[in-house]
Amino acid sequence: MSLLSSSSLDPSRSIRCLPAMLFACMAICLLPASIVRAQSRRDPLSPNEVEQLRKLAYQPDDRIKFYGQLLHERLIAIQIPPKPIPGITPPSRAQQIHDSMQDFTFIVDELEDTMDDYTDRHADMRLGLKELLKESPHWESTLKLPPPNNTYEFARKEALDAASDLHDSVVELLAQQEKEVAAQKKQEKGH
């Protein structure tokens, strides 16, 4: 039998393999672009902030308060431009505001995940939640401070939605925890 059998030259077989070959070629071509994009993505938390959150993993109130501090810092960055770093060209002020608003939304999402996790573990978060509740009225007003700009309007909308959702979650969770603690105290008095 010859190396070039009639089945290997079958045109219908080549046509059937064409979509798979095209997909493989596109994947190979697009892979470097996705790697570069992933490498250039900004991190919303500094390595020190990530480490601090890890250290506070088993201290619900302190961890929630720290998340509140991170939110406050991002809100300050929206109001006041950061100090320039010598030798580095900073992004435009509009881009800085955009980034701070995105960071705010990211931190809110992480905080809500943390609250859900602590709720599942029946952890007492009342002190941390009360701190967040004190700060929450300032979130919306600060996010609305910068004048309209297409660079950050979508990020602003997401941050405002996240702030509103977080406020509602904190109010609901705090009421739930207060109710559970009251019921527990009542039960302890009964025994």
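Residues numbered from 1 in each chain as written. Predicted model: local features only at pLDDT ≥ 70, side-chain atom pairs only at ≥ 80, totals over all residues. Heavy atoms only, no water.

*Asks:* What should I look at first to understand the packing of helix α3 (residues 60-79) against helix α4 (residues 93-120) in this one?
*Replies:* Geometrically, a packed helix pair is captured by the angle between its two axes and the distance between the axes. Axis separation between α3 and α4 bottoms out at 8 Å; the angle between their running directions is 165°. Regarding the angle of α3 to α4, the classification is roughly antiparallel. Classified by chirality, the crossing of α4 by α3 is left-handed. Grouping the constituent residues of the contact of α3 with α4 by class yields 16 nonpolar, three polar and five charged. (Axes fitted to C-alpha atoms, helices over the stretch in contact; angles between N-to-C directions. Helix = DSSP H or I, 4+ residues; strand = E, 2+ residues; numbered from the N terminus. Parallel < 35°, antiparallel > 145°, perpendicular 65-115°, else oblique. Left-handed = near helix turned anticlockwise from the far one by under 90°. Nonpolar A, V, L, I, M, F, W, Y, C, P; charged D, E, K, R; others polar.)

*Asks:* Looking at this structure, how should I read the pattern of salt bridges?
*Replies:* Any two side chains of opposite charge can pair if their charged atoms end up close together. Going through the model one piece at a time under the given rule, you end up with 13 salt bridges. The salt bridge involving glutamate 51 is made with arginine 54; its shortest N-O contact spans 3.7 Å. Of this pair, glutamate 51 and arginine 54 both sit in helix α2 (residues 47-55), three residues apart, roughly one helical turn. Several salt bridges share partner residues, and in doing so they unite Asp124, Arg126, Lys130 and Glu178 into one network. (Salt bridge = Lys/Arg side-chain N within 4 Å of Asp/Glu carboxyl O.)

*Asks:* Just to check I follow, could you spell out the side chain of histidine 98 for this structure?
*Replies:* In this fold, histidine 98 is placed in helix α4. With a relative accessible area of 16%, histidine 98 lands in the buried category. (Buried < 20%, exposed > 50% of the residue type's maximum accessible area, 1.4 Å probe, protein only.)

*Asks:* Honestly, a negative patch on the surface in this entry has me stumped. Any pointers?
*Replies:* A cluster of acidic residues, Asp109, Asp113, Asp116, Asp120 and Glu158, forms a negative patch at the surface. Residue contributions to the negative patch peak at four residues, all from α4. Among the secondary structure elements, aspartate 109 is positioned in helix α4. (Patch = residues over 30% accessible without salt bridge, like charges linked within 9 Å, V, L, I, M, F, W, Y side chains within 5 Å. Areas by Shrake-Rupley, 256 points an atom, 1.4 Å probe, with all protein chains shown as cover. Lys, Arg positive; Asp, Glu negative; His and termini not counted. Charge placed at Lys NZ, Arg CZ, Asp CG, Glu CD.)

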